[in-house]
2 protein chains.
Amino acid sequence: MNADPNSEGGRKIRSVEISLNIIDRLQNEDRLTVGELARTLDHSKSTIHNHLSTLEQRRMIVRDETGYRLSLRLLDMANRVRSQVGNYEVINKEVETLAEETGEIAQFGIEEHGMVSYFEKERGNNSVETASRVGTQQPIYSTSLGKTILAFLPADRVEEIVAEASFEPKTTRTITSSDELYEELERIRDQGYGIDNEENIEGLRCVSAPVTSGDTVLGAISLTGPSSRFTHDKLHDELADAVTRAANVIELNTKFS
Amino acid sequence: MNADPNSEGGRKIRSVEISLNIIDRLQNEDRLTVGELARTLDHSKSTIHNHLSTLEQRRMIVRDETGYRLSLRLLDMANRVRSQVGNYEVINKEVETLAEETGEIAQFGIEEHGMVSYFEKERGNNSVETASRVGTQQPIYSTSLGKTILAFLPADRVEEIVAEASFEPKTTRTITSSDELYEELERIRDQGYGIDNEENIEGLRCVSAPVTSGDTVLGAISLTGPSSRFTHDKLHDELADAVTRAANVIELNTKFS
DNA sequence: GTGATCGTTCCTCTGGGGCGAACATATAAG
DNA sequence: CTTATATGTTCGCCCCAGAGGAACGATCAC
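If you're wondering where the values come from, they're calculated on a predicted model, not measured in any experiment. (Residues numbered from 1 in each chain as written. Chains lettered and ligands numbered in written order. Predicted model: local features only at pLDDT ≥ 70, side-chain atom pairs only at ≥ 80, totals over all residues. Heavy atoms only, no water.)

S.K.: So what about the overall build of chain A? Which residues, and what values?
M.R.: For chain A, the helix and strand inventory stands at 9 helices and 8 strands. Each principal axis of the C-alpha atoms in chain A carries an extent, and together these give about 60 × 45 × 40 Å. Taken over 257 residues, chain A has a buried fraction of 54%. A sequence separation of at least 24 residues applies to 57% of the contacts in chain A between residues at least 6 apart. Carbon and sulfur atoms make up 45% of the accessible area of chain A, which amounts to about 12,200 Å² in all. Between the centroid of the 29 positive side chains of chain A and the centroid of its 44 negative side chains there is a distance of 9 Å. (Helix = DSSP H or I, 4+ residues; strand = E, 2+ residues; numbered from the N terminus. Buried < 20%, exposed > 50% of the residue type's maximum accessible area, 1.4 Å probe, protein only. Contact = heavy atoms within 4.5 Å. Areas by Shrake-Rupley, 256 points an atom, 1.4 Å probe, with all protein chains shown as cover. Lys, Arg positive; Asp, Glu negative; His and termini not counted. Charge placed at Lys NZ, Arg CZ, Asp CG, Glu CD.)

Pasting the structure below:
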């Protein structure tokens, strides 16, 4: 066990952090100027200037008459990441058909940094609006995708993740202790799919099925909808079947590495 | 004039460059290990280790049982960039309809770092295969998109770009001198659209129309196809009309900043 | 067993890089 | 016109960040 909670891995490199802070700022607000960045990030203009120069020469950012913004190179990088992570063709197709068939939101997620990251999202005709977007993260313990992935991860990895989890209650039903979570994971392993009963967002329920290859989880696929349409029976019956079927199709079409 | 050709802007920050090199390597090959990176980038393992730690804590990369890869966060960043650059909805729709109507490749590009960056690409039913992908760059002087954008950029910016241009011949028809290029830009301004007559890839021709807002160019929209189908007359007549029409639609639906 | 890898941690020592001041330009207010 | 405050840029100093190297522990192959 590690006594120091903040001793995560090696030393952090300050100048890299400055550049990453600049990138973070630019991803939220484009066309920022040297002065603005220097002020908000609390560094001298010369420092920011040097960082912007290096980032521009490496084509991460672009300058424009009104300021700096992130470069389109990120679109290429994103495409490469997509093809690295998994069989995008198959996953995309299955998420799409799932959304069409049910009319709800279908998503595919993987575990990253102890959270769920959304890899693909498709909205059906009747689907509700949610804030989740491809490439964003959600807690692993309050989402069906997260819990379902967690249920099939190796035990040591699960412990690591649980140890770092904050268990912030997102709704009144959010799991707030590791004991509860471990019970839930057991249940998911038994029934083969995971449920989110308004644990992440009030009024929304989800079902997820794991996508595995051999003994490793690649991710999970889910359906999300309002509690009014996602009744207990429907959730555990036809919707659970639908996500499980989709998960199986992805598994069959995925070459294991 | 500056005597030193390498004195582009401020000082380059070494540690940022190391991290960017790591990212570059990871975007080409995923699941790289500390050792591999240390070897190929010629740094000590401890150095690489520290960089990887910082990048992981900032969620730029993820570690996996087999090594490191880029994080899905990049998908989110890419989405943000897309919405920052322009009215993605409209551009996407016009590029799509252009590809459908003609059956060829339709693309939208903007200028970045003195090159054309592809913002959107759509392939029609009869379209040829090309290597260009969204987020990648091509020379500005050998593509119709590039030349068309260049033709409507402010004079001083054009000079900057031309001064930095390498004029590498991609085919026998590539423009290889600034004088030729300036003539070509004049021609494009006269006729209102730009042509690529096998200047970038042997056997391929393109037509592009500029998308402007007030007196600034936002980018250009193009059609690409084989010279056999893209005859001289068709190119200057119906295809030029098609891209011009699409450009106008985008202009009308784009709020100027 | 040995000899490779793998990743991690620590210490040392130097030059990289953050800071601040001075420098250009530019638009605005007086 | 001057003064003022904004912008981005360049330069040099001085110190600590950060790259390197060695030693460590853990695996895996033989």
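S.K.: I'd like to hear about helix H4 (residues 73-85) of chain A, residue by residue, with values.
M.R.: Taking 1.5 Å as the rise per residue, H4(A) with 13 residues should run 18 Å; its terminal C-alpha atoms sit 19 Å apart, in good agreement. A:Arg73, A:Leu74, A:Leu75, A:Asp76, A:Met77, A:Ala78, A:Val81, A:Gln84 and A:Val85 are the residues of H4(A) that are buried. (Expected span 1.5 Å × (residues − 1).)

S.K.: Can you break down the protein's contact with DNA strand C residue by residue, with the values?
M.R.: Around DNA strand C, the surrounding shell holds 23 residues, and the nearest of these are A:Ser46, A:Thr47, B:Ser15, B:His49 and B:Arg63. Between DNA strand C and the protein, one listed contact pairs a base nitrogen with a side-chain N or O atom of B:Arg11 at 3.2 Å. A distance of 2.9 Å is found between a phosphate oxygen of DNA strand C and a backbone nitrogen or oxygen belonging to B:Gly35. When residues of the surface near DNA strand C are traced back to their parent elements, those giving at least two are helix H1 (14-28) and helix H3 (45-57) of chain A together with helix H1 (14-28), helix H2 (34-41) and helix H3 (45-57) of chain B. Here the surface near DNA strand C is built from residues that sort into 3 nonpolar, 12 polar and 8 charged. (Near = heavy atom within 4 Å. Polar contact = N/O pair within 3.5 Å; in protein donor to acceptor, adjacent residues only side chain to side chain. Nonpolar A, V, L, I, M, F, W, Y, C, P; charged D, E, K, R; others polar.)

S.K.: Can you tell me about the UniProt feature "domain: HTH iclR-type" (unreviewed entry) in chain A, naming the residues and giving the values?
M.R.: Look at the UniProt record and you will see "domain: HTH iclR-type" (unreviewed entry) annotated at residues 13-72 of chain A. Measuring from the first to the last C-alpha atom of residues 13-72 of chain A gives 26 Å, for a span that is 60% helix and 13% strand. (UniProt positions renumbered as here; feature names shortened; annotations may be inferred.)

S.K.: Mind laying out the sheet that holds strand S8 (residues 216-226) of chain B, listing which residues take part and the relevant values?
M.R.: Residue and element names in this part refer to chain B. What the 6 strands build is an open sheet, ordered S5-S4-S3-S8-S7-S6; its pairing is antiparallel. Every other strand in the sheet has two partners, leaving strand S5 (137-139) and strand S6 (194-197) as the edge strands with one partner each. Direction aside, neighbouring strands of the sheet carry axes that sit 30° apart on average. Across 10 bridges, the pairing between strand S7 (residues 204-213) and S8 is antiparallel. Residue pairing for S8: Leu204 is matched across the bridge by Pro226. (Pairing = 2+ DSSP bridges. Axes fitted to C-alpha atoms, helices over the stretch in contact; angles between N-to-C directions.)

S.K.: An account of the interface of chain B and chain A is needed here, citing residue identities and associated values.
M.R.: With 62 residues of chain B at the contact, the number on the chain A side is 62 residues. Note on chain B versus chain A: buried area summed over both sides is about 5,700 Å², and carbon and sulfur give 55% of it. Linking chain B to chain A there are 10 salt bridges. For B:Asp24, the salt bridge is made with A:Arg73, and the minimal N-O distance between the two is 2.8 Å. Linking chain B with chain A are 31 residue pairs in polar contact (both at pLDDT 80 or more), by the criterion used here. If you list the elements that add at least two residues to the side of chain B that touches chain A, you get H1, H3, strand S1 (61-64), strand S2 (67-70), helix H4 (73-85), strand S3 (105-112) and strand S4 (115-123) of chain B. (Buried area = accessible area lost by both parts, 1.4 Å probe. Salt bridge = Lys/Arg side-chain N within 4 Å of Asp/Glu carboxyl O.)

S.K.: Explain the relation of the copies chain B and chain A to me, and be specific about the residues and the numbers.
M.R.: Of the transformation superimposing chain B on chain A, the axial component is 0.0 Å and the angular component is 180°, with the fit at an RMSD of 0.0 Å. Here the two chains are linked by the operation of a two-fold rotation axis. Considering only C-alpha atoms, the part of chain B nearest the rotation axis is B:Val16, at 2.5 Å. A high fraction, 100%, of the interface residues of chain B reappear at the interface in chain A, so the copies pair face to face through one surface. (Least-squares fit on C-alpha atoms with pLDDT ≥ 70 in both.)

S.K.: Any chance you could break down the sheet that holds strand S5 (residues 137-139) of chain A for me, citing the residues and the numbers?
M.R.: All names here are of chain A. Spatially, S5-S4-S3-S8-S7-S6 is the arrangement adopted by the 6 strands of the open sheet, whose pairing is antiparallel. The open sheet has two edge strands, S5 and strand S6 (194-197), and neither has a second partner. Averaged over all neighbouring strand pairs, the angle between strand axes comes to 30°, with direction disregarded. Seen against the sheet, helix H5 (residues 88-102) touches strand S3 (105-112), strand S4 (115-123) and strand S8 (216-226) and runs at an angle of roughly 60° to S4.

S.K.: Report on the confidence of the model for chain A, specifying residues and quantitative values.
M.R.: All names here are of chain A. Confidence along chain A averages 93 in pLDDT terms, with 95% of residues attaining 70 or more. At the level of individual helices and strands, chain A shows its lowest average pLDDT in helix H7 (residues 155-164), which scores 90, and its highest in helix H6 (residues 144-151), which scores 98. Under a pLDDT of 50 for its full length, residues 1-7 has, in the predicted model, 1 contact with residues more than four places off or in other chains. (pLDDT = per-residue confidence, 0-100.)

S.K.: Any details on the packing of H4(A) against H4(B)? Residues and values, ideally.
M.R.: Where H4(A) meets H4(B), the closest approach of the two axes is 8 Å, and the angle between their N-to-C directions is 145°. As H4(A) runs across H4(B), the sense of the crossing is left-handed. Contacts from A:Leu74, A:Leu75, A:Met77, A:Ala78, A:Val81 and A:Arg82 of H4(A) reach H4(B) at B:Leu74, B:Leu75, B:Met77, B:Ala78, B:Val81 and B:Arg82. Here the residues of the contact of H4(A) with H4(B) sort into 10 nonpolar, no polar and 2 charged. (Left-handed = near helix turned anticlockwise from the far one by under 90°.)

S.K.: Any details on the environment of A:Phe230? Residues and values, ideally.
M.R.: Residue and element names in this part refer to chain A. Topologically, Phe230 is positioned in the loop between S8 and helix H9 (232-253). Among the residues examined, Phe230 registers a relative accessible area of 0% and is labelled buried. Placed 24 residues apart in sequence, Phe230 and Cys206 show a C-alpha to C-alpha distance of 8.0 Å. Other than its neighbours up to four places away in sequence, Phe230 contacts Glu104, Arg205, Leu223, Thr224, Gly225, Leu235 and Leu239.

S.K.: Any details on the protein's contact with DNA strand D? Residues and values, ideally.
M.R.: If you check the shell around DNA strand D, you find 24 residues, and the closest are A:Ser15, A:Val34, A:His49, A:Arg63 and B:Thr47. Close to the protein, within 4 Å, the atoms of DNA strand D belong to sugar or phosphate groups at a rate of 58%. Separating a phosphate oxygen of DNA strand D from a side-chain N or O atom of B:Thr47 is a distance of 3.0 Å. Contributing elements (two or more residues each) for the surface near DNA strand D: H1, helix H2 (34-41) and H3 of chain A together with H1 and H3 of chain B. Taken together, the residues that form the surface near DNA strand D break down as 3 nonpolar, 13 polar and 8 charged.

S.K.: Could you give an account of the pattern of salt bridges, with specific residues and numbers?
M.R.: Across all of its chains, the model carries 36 salt bridges over all chains by this definition. The residue A:Glu186 makes a salt bridge to A:Arg189 at a minimum N-O spacing of 3.2 Å. Within this pair, A:Glu186 and its partner A:Arg189 are both found in helix H8 (residues 178-191), separated by 3 residues, close to a single helical turn. Residue classification places A:Glu186 among the partly exposed residues on the basis of a relative accessible area of 40%. Where salt bridges share partners, they join A:Lys12, A:Glu17, A:Asp24, B:Arg58 and B:Arg73 into one cluster.

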